[in-house]
There are 2 protein chains.
Amino acid sequence: MEVKKVLLLDDEIPRQWYNILADIKMNPPLGPDGKPISPEQLAPVFPMNLIEQEVSDKRWIDIPEEVLKVLKIWRATPLMRARSLEKALDTPARIYYKYEGASPPGSHKPNTAVAQAYYNKEFGIKKLTTETGAGQWGSALSFACAQFGLECKVYMVKVSFEQKPYRKSMMSVWGGKCIPSPSPYTKAGREVLEKFPDSQGSLGIAISEAVEEAVADTTGKTRYSLGSVLNHVMLHQTIIGLEAKKQMKKIGEYPDIIIGCAGGGSNFAGIASPFVYDKINGKDIEIYPVEPSACPTMTRAQFGYDHGDIAGYTPLLPMHSLGHTFMPAPIHAGGLRYHGMSPIVSQLIVEGLITPKAVNQLDCYEAGVLCAKTEGIIPAPETNNALACVIAEARKAKEEKKEKVILFSWSGHGLIDLGAYDKYLAGEVIDYKPEDAELKKYAEILKNYPKPEMIKDYR
Amino acid sequence: MEVKKVLLLDDEIPRQWYNILADIKMNPPLGPDGKPISPEQLAPVFPMNLIEQEVSDKRWIDIPEEVLKVLKIWRATPLMRARSLEKALDTPARIYYKYEGASPPGSHKPNTAVAQAYYNKEFGIKKLTTETGAGQWGSALSFACAQFGLECKVYMVKVSFEQKPYRKSMMSVWGGKCIPSPSPYTKAGREVLEKFPDSQGSLGIAISEAVEEAVADTTGKTRYSLGSVLNHVMLHQTIIGLEAKKQMKKIGEYPDIIIGCAGGGSNFAGIASPFVYDKINGKDIEIYPVEPSACPTMTRAQFGYDHGDIAGYTPLLPMHSLGHTFMPAPIHAGGLRYHGMSPIVSQLIVEGLITPKAVNQLDCYEAGVLCAKTEGIIPAPETNNALACVIAEARKAKEEKKEKVILFSWSGHGLIDLGAYDKYLAGEVIDYKPEDAELKKYAEILKNYPKPEMIKDYR
């Protein structure tokens, strides 16, 4: 019988995360004094058990039983063969996808939300604050907090808050509190509102607000939670790639090409890291993180030190950055509208282990609708970025008459983002590409900070 | 290790549907002349291969390979143990649910949509028309038609069309065309609009419109498709219960109580039929179809002959009916707002094989939010009706200190119905219960039609 999907039973789910910090060297994050930041300096923001994970270089880290219990609601996610898409493209490529839309909030985000809620709970924390762009992360953290009995407060980028009212509803059902950012409740929010009363918000602003609220709680029972970018987030997401590897092995396959969309980098790092390990150890694989042309962090920004947020509350991180005041065009893949990139993903680019790609918004929606009609699942706007690249590679395989095996991460479903599809079908979705001069202007800010080392020594 | 979910691999999916017509006797549907309707009389509405299935009394019917191929996108659905809910209720009951929200449109509806699209395609049909209430069925049929390259036209009850714009968007992405009903494009629609220009629509009206459009196509290439009520729809849904039985067997369990929500009856019949077979053969099980108190078809209406639609285009069906002009209160479980009930489910009630229950809307939302916070998944409003009954039974088990095994069907997720949860959280959801006098008035119409026999001979 034709295999459509490969499953893992509950007792086949990986019991450890893969920590890529055991296999690559990184520049340290820097504090306000320009010196490497100490764990203690991060203590008001994150619980110490997560800070330890952030800096650990142990290759395998056990997944706590309590975390596994919750992950089992939807994990292992299925590995699917995209047979109908292959047929529509008439390609000799075999295309597989890891379907992360199977989770209750509909994306890969709860993989780390559940772990973070657990570690915070273990550390005695009662409340988490966070930001969210398109709303995937805020709803994932609300879901996770409900599982562990924590309070959850979400600052949601205002433009998305208004475009996607169902996201707030989801958070409310799980008991999370969601407010539009910039808000008048924080210093960071008020400063933006004074200068730009009509500000539509950005991830950078929302992060500042959430960090400020966490740090301001003098009882010490509130911490901040980040849905991407940081090392421990990438770590928790490796379960995607570890499962995929097991599943491909079951059917005797191994990928030639790995593709994932990248905004802060967690979905991409999740599917790719375990295969990067193989590449470091000699495997011949192409690995492509894909970003929107409208926010070309990996393909057109420099690798430097920059803040993760607009107010400069976060440490300086060694990463590809368009400059922390960069305002991406209002593309529908809200989860990819971020000025920076995970330091781990950035480091992999520097080392030449992965090759970033940028795709246009119109190509993304064309790809998304084709996949909805063939594979049946309506993809999240973020996933459409990966899909546009997958389709391009499948067409290339056809031209080259090569039987390539492509594996990609289907990061989420698009059922809460259908408004964007309406616009596409009505012909109202357009391409955006920032001018060189604009990018140069925002990048000026990086000159104020130290330069990271261009470490290239993975072999 | 604690089992959270039981899976079936692709090659363990059942290859045959169970046809309960082999095991119970039914009154025949009647034509306009009051005589049993012939297959030929249905030919303008349905393709002959589906009509044959509608009247077949073969116990096992093969699932075509082409249908299985599409079902495998999301089937087998997981059987989940509701451990967190059990804990929250402190009940000795073991609660299992079959999670049908895993399908691309998010409910059990594509189980029959895929089969119907396939058989129509096989019969040379190019276009399907249908109605939809809350939109679950219309999106499922749009999804299925995309898989087989058929056109799809959906008449959506106007009040839902306006409340749930994302449903239309879903259909559009899959290539389906959705218009609000009553519409000016059919005689049935125009007649309603003349009398009630502000009509918010009903399933009965939408069915009339869809049937009229199908029959009006003189090329013979259009047919009508119904998402519930009919025998072949119940047949296609039995895959739910057949899978559940296999899955329970894997962990050495068998249910004492089976629960499913029932509007037209297909979700309930899907989970229950294979267990009704066991009950006929001597097993001691309680089986509860659950309806909203606002639309008490099974619990307060008589078993009689009535039309399935408002204009009386459909044959007279032997079923529990509130009268085909009954207008249910605007509860949020749009899929359960139907005046009639599947003849199969009605017959099972007459025979005493199943015991209908009615639940209040407020209890449904309380149950839904509790399940979202414990089990993590936000339920569809329809599912909440089953949940309210499940929770009542689990509490009863606690009082009686009995280790009961409860199995229920989680018919879909509520991600497209979050507006209803917003209203609940804002305290704006209320209970509805029609007065006896109102029910009596609508039921008058049944007096015009023949009386079905009260067949009770399953043993």
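What counts, and where the lines are drawn
Think of each chain on its own: its residues are numbered from 1, step by step along the sequence as written. All chains are assigned letters beginning at A, and all ligands numbers beginning at 1, according to the order in which they are written. Local features are withheld for residues below a pLDDT of 70 in this predicted model, meaning they are given only at 70 or higher, and side-chain atom pairs are given and counted only at 80 or more; totals for whole chains, interfaces and linings count all residues. Hydrogen atoms and water are omitted, and side-chain values are computed over all heavy atoms in the structure. Helix numbers and strand numbers start at the N terminus; a helix is a DSSP run of H or I with at least 4 residues, a strand a run of E with at least 2. As defined in this context, the radius of gyration uses C-alpha atoms, and a globule is described by 2.2 Å times the residue total to the power 0.38. The buried label goes to any residue with under 20% of its type's maximum accessible area, the exposed label to any with over 50%, and the partly exposed label to all in between, with areas taken from a 1.4 Å probe on protein chains only. What makes two residues a contact is simply this: any of their non-hydrogen atoms within 4.5 Å. Only the protein chains shown count as cover for residues, with accessible areas throughout obtained via the Shrake-Rupley method and a probe of 1.4 Å. Counted as positive: Lys and Arg. Counted as negative: Asp and Glu. His and the chain ends are not counted at all. Charge positions come from single atoms, namely NZ of Lys, CZ of Arg, CG of Asp or CD of Glu. A crossover gets the label right-handed when its path from the first strand over the helix to the second runs clockwise, viewed with the strands pointing away from the viewer. The pairing criterion for strands is at least two bridges between them, as found by DSSP. Expected helix span is computed as 1.5 Å times (number of residues minus one). Between N-to-C directions, angles cover 0 to 180 degrees, with each direction set by a line fitted to C-alpha atoms, over the stretch in contact for helices. Angles are sorted into four bins: roughly parallel if under 35 degrees, roughly antiparallel if over 145, roughly perpendicular if 65 to 115, and oblique for all others. Crossing chirality is assigned from the near helix's rotation relative to the far helix, an anticlockwise turn below a right angle marking it left-handed and a clockwise turn marking it right-handed. For the domains described, the bounds stem from an automatic or database domain assignment. The quantity reported as buried area is the accessible area (1.4 Å probe) lost by two parts once they are put together, taken as the sum for both. Salt bridges are defined by distance alone: a side-chain nitrogen of Lys or Arg within 4 Å of a carboxyl oxygen of Asp or Glu. Each residue is assigned to one class: nonpolar for Ala, Val, Leu, Ile, Met, Phe, Trp, Tyr, Cys and Pro, charged for Asp, Glu, Lys and Arg, and polar for all the others, Gly among them. N or O atoms within 3.5 Å of each other form a polar contact, as long as, within protein, one can give a hydrogen and the other can take it, and as long as residues adjacent in sequence are counted only when both atoms are side-chain atoms. Nonpolar core, defined: a set of buried Ala, Val, Leu, Ile, Met, Phe, Trp, Tyr and Cys residues in which side-chain atoms within 4.5 Å join the residues together. Alignment of copies: least-squares fit on C-alpha atoms of residues with pLDDT of at least 70 in both copies.

## Looking at the overall build of chain A
Inference 1: Across its full length, chain A carries 18 helices and 15 strands.
Inference 2: Relative to the compact-globule value of 23 Å for 459 residues, chain A shows a C-alpha radius of gyration of 20 Å, a close match.
Inference 3: For the C-alpha atoms alone, the extent of chain A along its principal axes is close to 60 × 45 × 45 Å.
Inference 4: By residue count, 67% of the 459 residues in chain A fall in the buried class.
Inference 5: Taking the intrachain contacts of chain A between residues at least 6 apart in sequence as the baseline, contacts between residues at least 24 apart amount to 78%.
Inference 6: Just so you have it, chain A exposes about 15900 Å², and 51% of that area is on carbon and sulfur atoms.
Inference 7: Each charge class in chain A can be summarised by its mean position, and for the 54 positive and 55 negative side chains these summaries are 2 Å apart.

## What about the pairing of strand 10 (residues 257-261) of chain B?
Residues and elements named next belong to chain B.
Inference 1: Of all the 5 residues making up strand 10, 5 are buried; the element is thus mostly covered by neighbouring parts of the structure.
Inference 2: Side chains I257, I259 and C261 of strand 10 all project onto a buried face; the interleaved residues I258 and G260 project onto the opposite face, where all are buried too.
Inference 3: Following the chain from strand 10 across helix 12 (residues 266-280) to the adjacent parallel strand 11 (residues 286-292), one finds a crossover that is right-handed.
Inference 4: In the sheet, strand 10 pairs with strand 15 (residues 405-410) via 3 bridges, with the strands oriented parallel. Its bridge partner being in strand 15, I259 is matched across the sheet by F408.

## What about unusual backbone geometry?
Residue and element names in this part refer to chain A.
Inference 1: Omega for the bond connecting S181 with P182 falls within 30 degrees of zero, at 10°, which places this linkage in the cis form.
Inference 2: Turning to its location among the elements, P182 is positioned in the loop between strand 8 (177-181) and helix 9 (187-195).
Inference 3: A positive phi angle is found at V229, which is not glycine, with a value near 70°.
Inference 4: Within the secondary structure, V229 is located in the loop between strand 9 (222-224) and helix 11 (231-250).
Inference 5: Accessibility expressed as a relative area gives 4% for V229, which makes it buried.

## Thoughts on helix 10 (residues 203-216) of chain A
For the α-helix, the turn length of 3.6 residues means that residues three or four positions removed from each other point alike.
Residues and elements named next belong to chain A.
Inference 1: Taking 1.5 Å per residue, 14 residues should reach 20 Å; helix 10 reaches 20 Å between its end C-alpha atoms and fits that length.
Inference 2: Burial analysis of helix 10 places 12 of its 14 residues in the buried class, which makes it a mostly covered element.
Inference 3: What helix 10 keeps buried is the set L203, G204, I205, A206, I207, S208, E209, A210, V211, E212, E213 and A214.
Inference 4: For helix 10, the secondary structure elements touched by its buried residues are strand 6 (127-132), strand 7 (151-157), strand 8, helix 9 and strand 9.

## Details of the packing of helix 5 (residues 110-122) of chain B against helix 6 (residues 136-148) of chain B
Residue and element names in this part refer to chain B.
Inference 1: Close contact between helix 5 and helix 6 brings their axes to 8 Å; oriented N to C, the two are set at 40°. One finds that helix 5 runs oblique with respect to helix 6. Pair helix 5 / helix 6 crosses with right-handed handedness. Counting all contacts with helix 5, which are made through P110, T112, A113, V114, Q116, A117, Y118 and K121, the residues of helix 6 involved are W137, A140, L141, F143, A144, C145 and F148.

## Looking at the domain arrangement of chain A
Residue and element names in this part refer to chain A.
Inference 1: When cut into domains, chain A gives domain 1 (27-58 + 108-231) and domain 2 (64-106 + 237-448).
Inference 2: Centre-to-centre separation of domain 1 and domain 2, based on C-alpha positions: 22 Å.
Inference 3: At the junction of the two partners, domain 1 supplies 43 residues and domain 2 supplies 48 residues.
Inference 4: A buried area of about 3700 Å², summed over both sides, lies between domain 1 and domain 2, and 65% of it is on carbon and sulfur atoms.
Inference 5: Looking at the side of domain 1 facing domain 2, the largest losses of area belong to H108, N111 and V229, adding up to 20% of the total buried there.
Inference 6: Linking domain 1 to domain 2 there are 1 salt bridge.
Inference 7: Here K164 ties to D417 by a salt bridge, and the two come within 2.6 Å at their closest N and O atoms.
Inference 8: Mapped onto the side of domain 1 that touches domain 2, the elements with two or more residues apiece are helix 5 (110-122), helix 6 (136-148), helix 8 (165-173), helix 9 and helix 10.
Inference 9: The residue makeup of the side of domain 1 that touches domain 2, split by class, is 25 nonpolar, 13 polar and 5 charged.

## Thoughts on helix 14 (residues 343-350) of chain A
Residue and element names in this part refer to chain A.
Inference 1: Burial analysis of helix 14 places 8 of its 8 residues in the buried class, which makes it a mostly covered element.
Inference 2: Taken together, the buried positions of helix 14 are P343, I344, V345, S346, Q347, L348, I349 and V350.
Inference 3: Where helix 14 is buried, its residues touch helix 11, helix 12 (266-280), helix 13 (297-300), strand 12 (302-307) and strand 13 (316-321).
Inference 4: Its side-chain oxygen at 3.1 Å from the backbone nitrogen of I344, S342 defines the N-terminal cap of helix 14.

## Some thoughts on the packing of helix 5 of chain B against helix 11 (residues 231-250) of chain B
Any two packed helices are characterised by the angle at which their axes cross and by the distance between the axes.
All names here are of chain B.
Inference 1: With their axes 8 Å apart at the nearest point, helix 5 and helix 11 run at an angle of 125° to one another. With respect to helix 11, the axis of helix 5 lies oblique. Where helix 5 crosses over helix 11, the handedness of that crossing is right-handed. Of the residues in helix 11, those touching helix 5 at N111, T112, A115, Q116 and Y119 are H232, V233, H236, Q237, I239 and I240.
Inference 2: Counted by class, the contact of helix 5 with helix 11 contains 5 nonpolar, 6 polar and no charged residues.

## Topic: the environment of P47 of chain B
Residues and elements named next belong to chain B.
Inference 1: Position of P47 among the secondary structure elements: in the loop between helix 1 (39-42) and helix 2 (48-55).
Inference 2: In this structure, the C-alpha to C-alpha distance between P47 and L439, residues 392 residues apart in sequence, is 36 Å.
Inference 3: In this view, P47 contacts N120, F123 and R223; residues no more than four positions away in its chain are not counted.

## Focus: the nonpolar core
Inference 1: Core analysis: the largest hydrophobic core is formed by 170 residues, its most contacted members being I95 and I259 of chain A together with I95 and I259 of chain B.
Inference 2: If we ignore the near neighbours within four places in the chain, the residues touching I95 of chain B are M80, R81, A82, L85, E86, L89, V390, A394, I406 and F408 of chain B.
Inference 3: In terms of nonpolar packing, the next biggest core, distinct from the first, is built from 56 residues, Y155, L226, M319 and I349 of chain A among them.

## Some points on the pattern of salt bridges
Should the charged atoms of two oppositely charged side chains come close, the side chains can pair.
Inference 1: Within the structure shown, the criterion is met by 48 salt bridges over all chains.
Inference 2: Across the salt bridge formed by E191 of chain B and K187 of chain B, the nearest N and O atoms sit 3.4 Å from each other. You can see E191 of chain B and its partner K187 of chain B sitting in helix 9 (residues 187-195), 4 residues apart, about one turn around the helix.
Inference 3: The network of salt bridges with shared partners includes R75, K98, E100 and E243 of chain A.

## Re the relation of the copies chain A and chain B
Inference 1: For the pair chain A and chain B, the superposition axis carries a translation of 0.0 Å, the fit reaches an RMSD of 0.0 Å, and the rotation angle comes to 180°. A rotation of that kind, with that shift, is consistent with a two-fold axis.
Inference 2: In this assembly, 100% of the residues forming the interface of chain A have copies in chain B that are likewise at the interface, indicating an isologous arrangement.

## Let's talk about the environment of V429 of chain B
Residue and element names in this part refer to chain B.
Inference 1: Looking at where V429 falls in the secondary structure, it is placed in the loop between helix 17 (418-425) and helix 18 (436-443).
Inference 2: In this structure V429 comes out as buried when scored by relative accessible area, which is 5%.
Inference 3: Considering only alpha carbons, one finds V429 and Y365, 64 residues apart in sequence, at a separation of 8.4 Å.
Inference 4: When near neighbours in sequence (up to four residues on either side) are disregarded, V429 contacts H332, Q361, L362, Y365, A420, K423 and Y424.

## Comments concerning the side chain of K4 of chain A
Inference 1: Here K4 of chain A lies in the segment before strand 1 (5-6).
Inference 2: If near-sequence neighbours (up to four positions away) are discounted, K4 of chain A is found in contact with L79, M80, R81, A82, R83 and E375 of chain A together with D10, K72 and I73 of chain B.

## With respect to the sheet that holds strand 7 (residues 151-157) of chain B
Hydrogen bonds between backbone atoms are what pair the strands of a sheet, whose relative direction is either parallel or antiparallel.
Residues and elements named next belong to chain B.
Inference 1: Here we have 4 strands laid out as an open sheet, ordered 8-7-6-9, and parallel in their pairing. This sheet does not close on itself; its edge strands, each paired only once, are strand 8 (177-181) and strand 9 (222-224). Taking the axes of each pair of neighbouring strands and ignoring which way they run, one obtains an average angle of 25° across the sheet.
Inference 2: As judged from the 5 bridges shared by strand 7 and strand 8, these two strands associate in the parallel manner. When the bridges of strand 8 are listed, V157 appears paired with S181.
Inference 3: Together, strand 6 (127-132), strand 7 and strand 8 form the strand contacts of helix 8 (residues 165-173), whose direction differs from that of strand 7 by roughly 175°.

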